[in-house]
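What follows is the residue order along each chain.
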Amino acid sequence: MTVFDTTLTTDERVAALKRTLGDRVIVADDPGYDHARIPWNVAFDQRPLAIVRPETAEEVVEAVRAVAASGLRVAPQSTGHAAGPLADTDLSDVVLLSLAGLRGVTVDADTRTARVLGGSQWNDVLEAAAPHGLTALHGSAGDVSVAGYALNGGLSFYARTHGLAVNAVRSVQLVTADGRLVRASANEDPDLFWAVRGGAGAFGVVVSLEIDLLPYADVFAGMMLWDAARAAEVSHAWAAWTATAPESATTTLRVINFPPMPDLPPFLSGRSVVVIDGAILETDAAASALLEPLRALAPEIDTFTRIPSPELVAVHMDPPGPTPAASVHSVLADLPADAVGAFLAAADVPGLFMTELRHLGGAIAQRPAHAGAVGSVDGAYLAHTLAMVPVPEAMAGADAAVQTGIAMFAPWRADSLVLTFIDGGGVDRDAGFGIAIERLRELKRRFDPSDMFAAAHPV
Ligand SMILES: Cc1cc2nc3c(=O)[nH]c(=O)nc-3n(C[C@H](O)[C@H](O)[C@H](O)COP(=O)(O)OP(=O)(O)OC[C@H]3O[C@@H](n4cnc5c(N)ncnc54)[C@H](O)[C@@H]3O)c2cc1C
């Protein structure tokens, strides 16, 4: 590789990049810049030095080599769902490598695996896997990328049975800081394979990954909804229910304050509701029996039933497209009655769109022997507060609201975080990496000695 000239100015570095990559380099003066830099979370006004949008593995290799030779940095980004945490990074010398055009999924039904290109989204996997009666450890939003979700942990509605999605990654093909396209797996470059499963974009640009699929053509799943006037009763009941719920059930509890909006169904517009949703990997009879105590609360809506597994991704009702939001989370060691009280108090904080508890534990808390840097989450529940940021000026208020809400859970906080739920800046990532952090740093120095890769969660 060319060793870059450290005396070059930023403009000279960009000129060098353009000599190699030509028009593929988009800079602030170019007409396409403002469109190309918009992330999924449009609350974050990311302004990288330049943007390159490779559509093949070869183009990724070429781009990484050109950036390395120019002495600039690279931030891989597939969708920009995690533009919030990336905002911690100074992007004035960073080339954003947008992988949105590198999409495609091939399913091998015999080995129950999928090969997924670097920018593919979970909807792509579900579409390819469904004809084979298979599904995957996707999260609550289908337009999140597989690489960005799975390599940072990945918490799904199958998680209490099957663990974090990162443990289902069999191999990763990535372009490393020295410009090589390598395959990392248990047998090939095992240190890199360990590091990228948690270290994600801090170790290279992923051009494809191979993941295990799940043998579920359908799943018992859905949601129950009540008016928020019932929030106390429903929340205490859910907390008691989850205390003994089997690992086959992965559910969440939320209070959602819908603003009056013409796009919403009239029964939700301008209304506050309490919602329980999730999946139960049991027979219909066993799942129905399990849900009895919650159904006894007579929900206004109850959609729990057997559904085709690709439909699970719609159950949580995440926004269908780019949305400006601020959010923060804590992992809780326990959920006694006082913590449920804190949840209810948090849900009343003015300005919050949503206050959520996700049930952790089960396989989520068990680190498999073959795991990489991140393989489990130490904690029983995840508390999450979220506020909308309709205009940039609303960010300070949204931030204050989510922090006020989450502070209420302080007495029950565990000493861990879930990387995929770190949504804004200023959060200490070490709690997300846990005991892996020292080895991750050591491997970062080995695989990326000049810290060329800028990731949402720097190691
Ligand atoms: C509406 C919504 C719902 C969500 N639901 C869940 C959920 O149910 N469970 C859960 O665990 N998380 C959930 N998340 C969080 C989400 O999983 C993380 O934000 C995740 O990191 C997004 O990945 P992305 O690639 O789409 O985002 P990006 O911002 O594009 O990428 C995030 C980071 O991943 C790395 N990365 C992405 N692609 C590549 C690549 N090809 N090569 C190398 N590095 C790469 C980079 O380090 C990048 O900074 C949700 C987020 C939102 C906004």
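Here, the structure is the one placed above.
The sections below set out a description of the structure shown in this document. Being a predicted model, the structure only gives us computed values, none of them experimental.

1. Thoughts on unusual backbone geometry
Stage number 1. With phi around 50 degrees, Ala298 is a residue other than glycine that occupies positive phi space.
Stage number 2. Relative to the helices and strands, Ala298 is located in the loop between helix H10 (284-295) and strand E13 (301-302).
Stage number 3. Phi at Met317 takes a positive value of approximately 60 degrees, unusual for a residue other than glycine.
Stage number 4. Mapped onto the secondary structure, Met317 falls in the loop between strand E14 (305-308) and strand E15 (325-332).

2. Section: the pairing of strand E8 (residues 181-185)
Stage number 1. The sheet contact formed by strand E7 (residues 169-175) and E8 spans five bridges and is antiparallel. Bridged to Gln173 within E8 is Arg183.
Stage number 2. Here E7 hands over to E8 after five residues, with Gly179 in that stretch at a positive phi of 80 degrees.

3. With respect to the site of the ligand
Stage number 1. Around the ligand, 31 residues are found, and the nearest of them are Ser78, Thr79, Ser140, Ser145 and Thr420.
Stage number 2. In the model, an oxygen atom of the ligand is placed 2.7 Å from a nitrogen or oxygen of the Ser78 main chain.
Stage number 3. For the ligand, an oxygen atom lies 2.8 Å from a polar atom in the backbone of Leu155.
Stage number 4. Relative to its unbound accessible area of 950 Å², the ligand is 93% covered by the protein chains.
Stage number 5. Looking at the shell around the ligand, the elements that each hand over two or more residues are strand E3 (73-77), helix H6 (146-150) and strand E9 (205-212).
Stage number 6. When residues in the shell around the ligand are grouped by element, the largest group, three residues, is from H6.
Stage number 7. Considering only residue class, the shell around the ligand consists of 14 nonpolar, 15 polar and two charged.

Conventions we followed
Residues numbered from 1 in each chain as written. Predicted model: local features only at pLDDT ≥ 70, side-chain atom pairs only at ≥ 80, totals over all residues. Heavy atoms only, no water. Helix = DSSP H or I, 4+ residues; strand = E, 2+ residues; numbered from the N terminus. Pairing = 2+ DSSP bridges. Near = heavy atom within 4 Å. Polar contact = N/O pair within 3.5 Å; in protein donor to acceptor, adjacent residues only side chain to side chain. Areas by Shrake-Rupley, 256 points an atom, 1.4 Å probe, with all protein chains shown as cover. Nonpolar A, V, L, I, M, F, W, Y, C, P; charged D, E, K, R; others polar.

Function cannot be inferred from these measures alone, as they are strictly geometric.
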